[in-house]
Amino acid sequence: MKKLFLLFLIVPMILVSCSSSDVFLIADFESETISGWETTGDFSNKIFNKSFLPHYVKGFLGKGLIDTGFEKPDKKGTLVSPEFTITKKYINFLVTGNNTYNAERDCNVRLIIDGKVAKYAPPTRYPVVEWGAMEVSEFIGKKGRFEIYDMSKKYFILIDQIYQSDTLALGVDRMASIVDKKYLILPVTKGGNQNRFRLRKNGDLDEQFVIEMGDGEPDYWAFKDLSNFQGKEIELFSYSPNVNNTFNKIILSDNVPGEDRYYKEKERPQFHFTSKTGFINDPNGLVYSNGVWNLMYQHNPYGIIGSLKHWGHATSKDLIHWTENPSSISPDDLGSNHSGGAVVDFNNSAGLQTSDYKTLIAFWTCAGHFTTPSSRFQQCISYSTNDGKTWQKYSGNPIITHIVGRNRDPNVIWHEEAQKWIMSLFLDNQEFAIFNSKNLLDWKLTDRIKMPANDCPDLFQLNLDGDPNNRKWIFWGGNGNYVVGSFDGEKFDIEGEAHRTHFGTYHAAMTYNNAPDNRIVQIGWLNTQKTSKPTTNFNQQLSISNEILLKTTPKGYAALYSYPIKELEKLREKSFQEKNISLGKKIYKPDFKAELIDLNLIANVNRGGLLTINIRGEKILYDRDKNKVFYNGHGVELITQEDTQEFRILVDRASVEIFCNGGEKALFESVVVDPNKKFIEFSTNEIKSKIKQLNIYSLKSAWK
């Protein structure tokens, strides 16, 4: 292992004099009042002495600062500076407070130009005090005002030392090294202070990230793969004005401490995708190319919290066995890398192809709210000219600038009839936009549609009932709601009302682009945030891959049907089959025990009947009269209302997935299954119900 060269440099621009050529002071709050500032609401021009802060809130300078509600966060109002001329590239400031996803609307600091919000930044992660910034070079020469805006009843801002400079303010901890090892190794303390860092290679920003750090031995070690950086200089900077005692534990190494335990942890899912370390959520950039399924996903590789998002990247030949690769996209000054899709640019529409490989292009939201300097949400691309092995960001980013609110999650497909590329994009308040393009770089907005969803759109076409002469378009939202309709490459015409097939903790699902044999394969995020308590170095999982079909339901409307991909059968080992089992009012226990289970059941349940399926202590109930399946607090009404019902149930270490009647409804739940319970049993409340067909398979791990 190799320690990085560590530098402690005290930033010379603190409590600076206005005579410095690089600095223009806006406010340091060292007087008792805010001279010339306008205040509204619950705020006055009083400056708070920082002595009221707890001892662990460190880094504010001098004796004064602004507080919008540290002790009473229900205060609401604004503080606006006198007008000043913008003369420098950055507005820097020391800040902490409640970092909230909705800070743009209710709790932030702003640059006001001509009465409008030109830039904004959220508070950071209390109690960590950090240097925040806005990049304002586009406004040099204009007049502006700095506003501290808190209209929230739950959040607060503490802010100090607001000044203009051509230099981005950074903290005192810095490291530098020439890369001669495979990994950068970083200590993670779960529940520790969330510290923001900035990584450069050869003088250029490579990424920003947040990591939880604390005193003592770390809970585990995070890592960054530096295989593509060998021989290059890297520099690591902190945004904190305080010396971090764990900073000098960061090292270079050819090995990751604890990597021999990956995928052997007792709660690690065995046939669902999880990353080696870190937090994951939405699947992103699902694209098939040259026999390989590329799975990208929202990823914080530096901790089990959902912090600054990278795009993780894994590849598979069968959608079951995955190889994890270095991140394809990392956060930079444009923002955290939020969700989006990817395509194979088979006609070289963007003109980026440099070899025999067709260019892969990924579309993502640069969420500037979460990085420093802060900015609004915009749309960007990255591309690979070597079939996904390495990725680079497009020099012309962003390709679509901010439209409204938190516009995000661009997803792109090719429309054969229109001979154009189509992008679907979430705007705000259940509104989505559709764009088209000839070159994947310049986009024209052609339609806006409303549907009951708020993120992660998807747009795909399916044969209704397998008829290639009767094709329908599906517009999908991140919560699982979708509409069926027609689409000519510009306008989407909705037919009927929104429907839903997937229920439970299934969110932000996406289908594969360019899949072979016209398959529509979908993967979702199994959101475990409300149900799991991570005890290891990973957090969250993705669903099993599902094949999606469009069928006419027994009630006469077109709906999506979802069923596990056929490739899952590769993992089957031991099996159990039985037919025509009379249940009566007794409990039936098949002579079969397993940890990982794939169960197929056809049951006859008479009117008034209740069928209980107990798999390893997880009880699933089917109520014949209500025609509903109940599990883990969720109830799903089925379409087919007959005495005979079919269920396919998959059980992993941390999930239960239930597919009803060939996939007319699917219920996904993230639950930690009791490892000591391996039994299966069935029971009913009346004497005539029976099991017509039962097939149970144990599954082997996909990671072995």
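**Q** I'm lost on the packing of aromatic side chains in this one. Help?
**A** The way to describe two aromatic rings as a pair is by their centre distance and the angle between their planes. Applying the stated criterion across every chain, the model contains 35 aromatic pairs. Relative to Tyr126, the ring of Phe70 lies with its centre 5.7 Å away and its plane at 50°, an arrangement referred to as tilted. Highlighted residues: Phe70 in the loop between strand E6 (64-67) and strand E7 (77-80) and Tyr126 in the loop between strand E11 (116-121) and strand E12 (130-135), separated in sequence by 56 residues. Every member of this aromatic cluster is reached through a ring pair, and the members are Phe426, Phe432, Trp473, Phe475, Phe487 and Phe492.

**Q** Please explain the pattern of salt bridges as it appears in this structure.
**A** Two side chains carrying opposite charge are able to pair once their charged atoms lie near each other. Under the counting rule described, the total for this entry stands at 22 salt bridges. Among the salt bridges present, the one from Lys420 reaches Glu490, with a minimum N-O distance of 3.8 Å. In this pair, Lys420 is assigned in strand E32 (residues 420-428) and Glu490 in the loop between strand E37 (481-487) and strand E38 (492-500), connecting sequence segments 70 residues apart. Among the charged side chains, a network of salt bridges with common partners joins Asp206, Glu207 and Lys224.

**Q** Honestly, the side chain of Gln270 in this entry has me stumped. Any pointers?
**A** Counting through the fold element by element, Gln270 comes out in the loop between strand E21 (251-253) and strand E22 (278-289). Polar contacts involving the side chain of Gln270 include one to the side chain of Ser701, which spans 2.6 Å. What Gln270 contacts, discounting residues up to four positions off in sequence, is Tyr263, Leu596, Asp652, Arg653, Ser701, Ala702 and Trp703.

**Q** For this particular structure, what's the right way to read the sheet that holds strand E42 (residues 538-539)?
**A** What links the strands of a sheet is backbone hydrogen bonding, and the strands pair in either a parallel or an antiparallel sense. In space, the five strands of this open sheet follow the order E25-E24-E23-E22-E42, with mixed pairing throughout. Edge strands, defined here as strands with exactly one partner in the open sheet, are strand E25 (323-329) and E42. Here seven bridges tie E22 to strand E23 (residues 292-300), and the two strands are oriented antiparallel to one another. Bridge pairing in E23 places Asn284 opposite Met296.

About the thresholds
Residues numbered from 1 in each chain as written. Predicted model: local features only at pLDDT ≥ 70, side-chain atom pairs only at ≥ 80, totals over all residues. Heavy atoms only, no water. Phe/Tyr/Trp six-rings, centres within 6.5 Å; stacked < 30°, edge-to-face > 60°. Helix = DSSP H or I, 4+ residues; strand = E, 2+ residues; numbered from the N terminus. Salt bridge = Lys/Arg side-chain N within 4 Å of Asp/Glu carboxyl O. Polar contact = N/O pair within 3.5 Å; in protein donor to acceptor, adjacent residues only side chain to side chain. Contact = heavy atoms within 4.5 Å. Pairing = 2+ DSSP bridges.

Honestly, it's all geometry; don't read function into it.
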